[in-house]
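Residue-level structure breakdown
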Amino acid sequence: MSVQNVLNLIKEKNIEWVDFRFVGLSGKAQHISLPASEVDEDTFVNGVAFDGSSIPGFRGIEQSDMVMMPDTETAYVDPFTAHPTLIIMSNIHTPEGERYDRDPRSIAQKAEEYLQTTGVGTTAFFAPESEFFIFDDVRYENGMNKSYFEVDSEEAGWNTGRKEEGGNLAYKVPVKGGYVPVAPIDSQQDIRSEMCNKLADAGLRIERHHHEVATAGQAEINFRFDTLTKTADNLLKYKYIVANTAREYGKVATFMPKPLFGDNGSGMHVHMSIFDGSEPLFYEKGAYANLSEMAINYIGGILYHAPALIALTNPSTNSFKRLVPGYEAPVNLVFSKGNRSAAVRIPIAAVTPKGCRIEFRTPDSTANPYLAFAAMLMAGLDGIKKKIDPRALGYGPFDTNIYEMSDAEKAEIRSVPGTLDEALDALAADSDFLIEGGVFTQDFIDNYIELKRGEAKAVAIRIHPHEYNLYFDC
C-alpha cells in the first residue's frame, strides 16, 4: 500500500486518529496517536518521534530521541475504538536516520535479507499456533506480606459445585478434557468466532478455531502462514484483537504459558518452510516424511542451537513452568514425523509439496515474535550452511511415544534448559549463529541477556506461597 493509498483510506473511512505502533524487546506493542488531520506525506518521510529511554532495554536518557518510521503495508482499521482509528506498524530509527539495531522488527527484516544473500532460497514462511486462555476473573497481588493469584472461569472443572451462578448449569470442562468438545461443554464458540471475524476484517486469513485441551477456557485460532516479518506483524494483531474482543465480552484473555497448575499450558508451535520463488525447498518425495536434505539440515540447526534459542522463544520464568519433563510440553530435543512428543514435528497428514514444513513445538507466546522467528531462521540456516545432520547427532528420528520410554532411554535424549537463567547461559555461550550477516548484534544480545536476567532475579527473590506449605513449620 502506497502512502497515497493510506491517505486515501483515511479519507474514505473518515479516520479521526492514526495510531503509530512499534514493538519493544518484550514483544508488546507501544503506540502514539496523531490526529488524522496532522498526517500527510511528510509524516511517512520524517517519521514520528518518541522517547526511547522510557522503553525497557532501548536507550539511555542521554540518547532518548528516537523515530518511528511507518510501514504503510501494515495499515488496518482498529475494530475497537469509538473514534475511527487507523493502526500502522513502524520500524525504529535513530535521529540520524539509521535503522536501530535493537529494534526487533528491523532484526526480523534483516534476517529475511540475510536469507536472500545466502543463496539458499528467497523466502521463509512462518505459521504460529498461539494458544490462550479466556478467563472470567483474574486477581493477583504480590507484596511484602502477601502473594497470590486467583483465576476463575464459568466452564472450569473446579466449578462443578459452585452456587454463585444462580443455579449451576453444569457442563464444565474436565482437567485435560477440553480438546474440541461441542456446546454446551464448549461455551466459547461465539467469542472465538467474533475474534475470527475481527481478525479477518483486519486482513488475516483464518483457517480454523477450536477449544484446546485445558479446562477454564483454553482456545486456539489458526491463521494463514506468511513471510517472517508479516507473520510477526500478524501475531501482534492477533494478540491485540483476541485480548480486546475478550474484554468486550466482559472476559480476559491471556497468552501466559502456564496460568494454571496441573493442566496443559499454552504453547506457540511454529511451522516453517523455505521457498525459492514458487518452488518449495523442504520437499523430497519418498524421503523420510518427504523431507529434503535441506529440511533435515534446517532441523539440525534448530535442535543443535535449541538451548540458546529457548532464551528467545521461551523468554519468561513462567515458560519453564510449562517446559517440565514428563508432562505434555515438547522438551525432548529430537525430531519425528507426526509425533507430538518431539520438539520438532514434521506434519504428514494432508500435506502437499508446497505444504511440506517443519514444526518447532517448544516456543510460547511470551516470545517477541520478531526476535523468535528471526532466531529460528538463523539457526536453521546455520544448519543448512554447516550441513548439520540431526540423525548423526542422536536427535532422531524418534517415531515412538517418548513419554512412555523408560527412564534409562529418556536419559539419552537431550532436553531443553530447565530455567530461564540456564537458557540465557546457553545464549551467552552460543550466539555466533545469530550475529552472522549482522542480523543480531553482540550489543543487542548482551543487552537482552541483562534485561532477562533482571526478570529472573525478580522472581527468584520473591517468596512463593507453596514455600509456606513446605517450610513454615520446619
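With an unreviewed UniProt entry as reference, the protein chain is termed Glutamine synthetase, source organism Paenibacillus aceris. UniProt, in the comment section headed Subcellular location (unreviewed entry), describes the protein chain in these words: "Cytoplasm".

**Observations regarding the overall build of the protein chain**
Per the secondary structure count, the protein chain includes 14 helices and 18 strands. Relative to its length of 474 residues, the protein chain is compact, with a C-alpha radius of gyration of 23 Å against a globular reference of 23 Å. Projected onto its principal axes, the C-alpha coordinates of the protein chain cover approximately 65 × 60 × 50 Å. Each of the 474 residues in the protein chain was classed as buried or not, and the buried ones make up 53%. The contacts in the protein chain between residues at least 6 apart in sequence include a share of 68% that link residues at least 24 apart. Of the roughly 21,700 Å² of accessible surface on the protein chain, 51% is carried by carbon and sulfur atoms.

**Looking at the packing of aromatic side chains**
Scanning all chains against the criterion turns up 18 aromatic pairs. Through a chain of ring-to-ring contacts, three or more aromatic side chains come together here, namely Phe22, Phe50, Phe58 and Tyr100. Over the ring of Tyr240 we find Arg21; its NZ or CZ atom is 4.2 Å from the centre of that ring.

**Notes on the pattern of salt bridges**
Using the criterion set out here, one finds 24 salt bridges in the structure. Among the salt bridges present, the one from Arg162 reaches Asp152, with a minimum N-O distance of 2.9 Å. In this pair, Arg162 is assigned in the loop between strand 9 (147–152) and helix 4 (189–201) and Asp152 in strand 9, connecting sequence segments ten residues apart. A cluster of three or more residues bridged by salt bridges with shared partners is formed by Asp19, Arg21 and Asp78.

**Points about the packing of helix 7 (residues 306–313) against helix 11 (residues 420–429)**
Viewed as axis vectors pointing N to C, helix 7 and helix 11 meet at an angle of 120°, and their least axial separation amounts to 7 Å. Put simply, helix 7 runs oblique to helix 11. When you trace helix 7 past helix 11, the crossing you get is left-handed. Here helix 7 contributes Pro307, Ala308, Ile310 and Ala311 to the contact with helix 11, which in turn contributes Ala423, Leu424, Ala426 and Leu427.

**Some details on helix 13 (residues 442–460)**
In this model, helix 13 (19 residues) spans 27 Å end to end at C-alpha, consistent with the 27 Å of a helix rising 1.5 Å per residue. Buried residues of helix 13: Phe444, Ile445, Asn447, Tyr448, Ile449, Lys452 and Ala456, and no others. Buried-residue contacts for helix 13 involve helix 3 (104–118), helix 7, helix 9 (369–385), helix 11 and helix 12 (432–435).

**Side note on the environment of Lys258**
Mapped onto the elements of the fold, Lys258 is located in the loop between strand 13 (252–254) and strand 14 (268–276). Among the residues examined, Lys258 registers a relative accessible area of 16% and is labelled buried. Along the primary structure Lys258 and Asn318 are separated by 60 residues, whereas in three dimensions their C-alpha atoms are 6.3 Å apart. Ignoring sequence-local partners within four residues, the contact set of Lys258 consists of Asp263, Asn264, Gly265, Asn318, Lys321, Arg322 and Glu328. A distance of 2.5 Å separates a polar atom in the side chain of Lys258 from the backbone oxygen of Asp263.

**Side note on the packing of helix 4 against helix 5 (residues 228–248)**
At a minimum axis distance of 9 Å, the contact between helix 4 and helix 5 shows a crossing angle of 135°. As the angle between them shows, helix 4 and helix 5 are arranged oblique. For the pair helix 4 and helix 5, the sense of crossing is right-handed. Here Ile191, Glu194, Met195, Lys198 and Leu199 of helix 4 lie close against helix 5, whose contacting residues are Lys237, Tyr238, Ile241, Val242, Thr245, Ala246 and Glu248. Taken together, the residues of the contact of helix 4 with helix 5 sort by class into seven nonpolar, one polar and four charged.

**Side note on the side chain of Lys110**
With respect to the helices and strands, Lys110 occurs in helix 3. An unpaired buried charge is present at Lys110: no salt bridge exists, and Asp101, the closest side chain of opposite charge, is 6.3 Å distant. For Lys110, the contacting residues outside a window of four places in its chain are Arg99, Asp101, Gly438 and Val439.

**What to know about a nonpolar patch on the surface**
A cluster of nonpolar side chains, contributed by Val138, Tyr140, Phe149 and Val252, occupies part of the molecular surface with about 430 Å² of accessible area. Looking at the secondary structure, you find Tyr140 in strand 8 (residues 137–142).

**Things to note about the environment of Cys196**
Its place among the elements puts Cys196 in helix 4. Taking C-alpha positions, Cys196 is 26 Å from Asn314, a pair spaced 118 residues apart along the chain. Ignoring anything within four residues of it in the chain, the contact list for Cys196 reads Ile206, His209 and Ile221.

What counts, and at which threshold
Residues numbered from 1 in each chain as written. Predicted model: local features only at pLDDT ≥ 70, side-chain atom pairs only at ≥ 80, totals over all residues. Heavy atoms only, no water. UniProt positions renumbered as here; feature names shortened; annotations may be inferred. Helix = DSSP H or I, 4+ residues; strand = E, 2+ residues; numbered from the N terminus. Rg over C-alpha atoms; globule rule 2.2 N^0.38 Å. Buried < 20%, exposed > 50% of the residue type's maximum accessible area, 1.4 Å probe, protein only. Contact = heavy atoms within 4.5 Å. Areas by Shrake-Rupley, 256 points an atom, 1.4 Å probe, with all protein chains shown as cover. Phe/Tyr/Trp six-rings, centres within 6.5 Å; stacked < 30°, edge-to-face > 60°. Lys NZ or Arg CZ within 6 Å of the ring centre and 35° of its normal. Salt bridge = Lys/Arg side-chain N within 4 Å of Asp/Glu carboxyl O. Axes fitted to C-alpha atoms, helices over the stretch in contact; angles between N-to-C directions. Parallel < 35°, antiparallel > 145°, perpendicular 65-115°, else oblique. Left-handed = near helix turned anticlockwise from the far one by under 90°. Expected span 1.5 Å × (residues − 1). Polar contact = N/O pair within 3.5 Å; in protein donor to acceptor, adjacent residues only side chain to side chain. Nonpolar A, V, L, I, M, F, W, Y, C, P; charged D, E, K, R; others polar. Lys, Arg positive; Asp, Glu negative; His and termini not counted. Patch = residues over 30% accessible without salt bridge, like charges linked within 9 Å, V, L, I, M, F, W, Y side chains within 5 Å.

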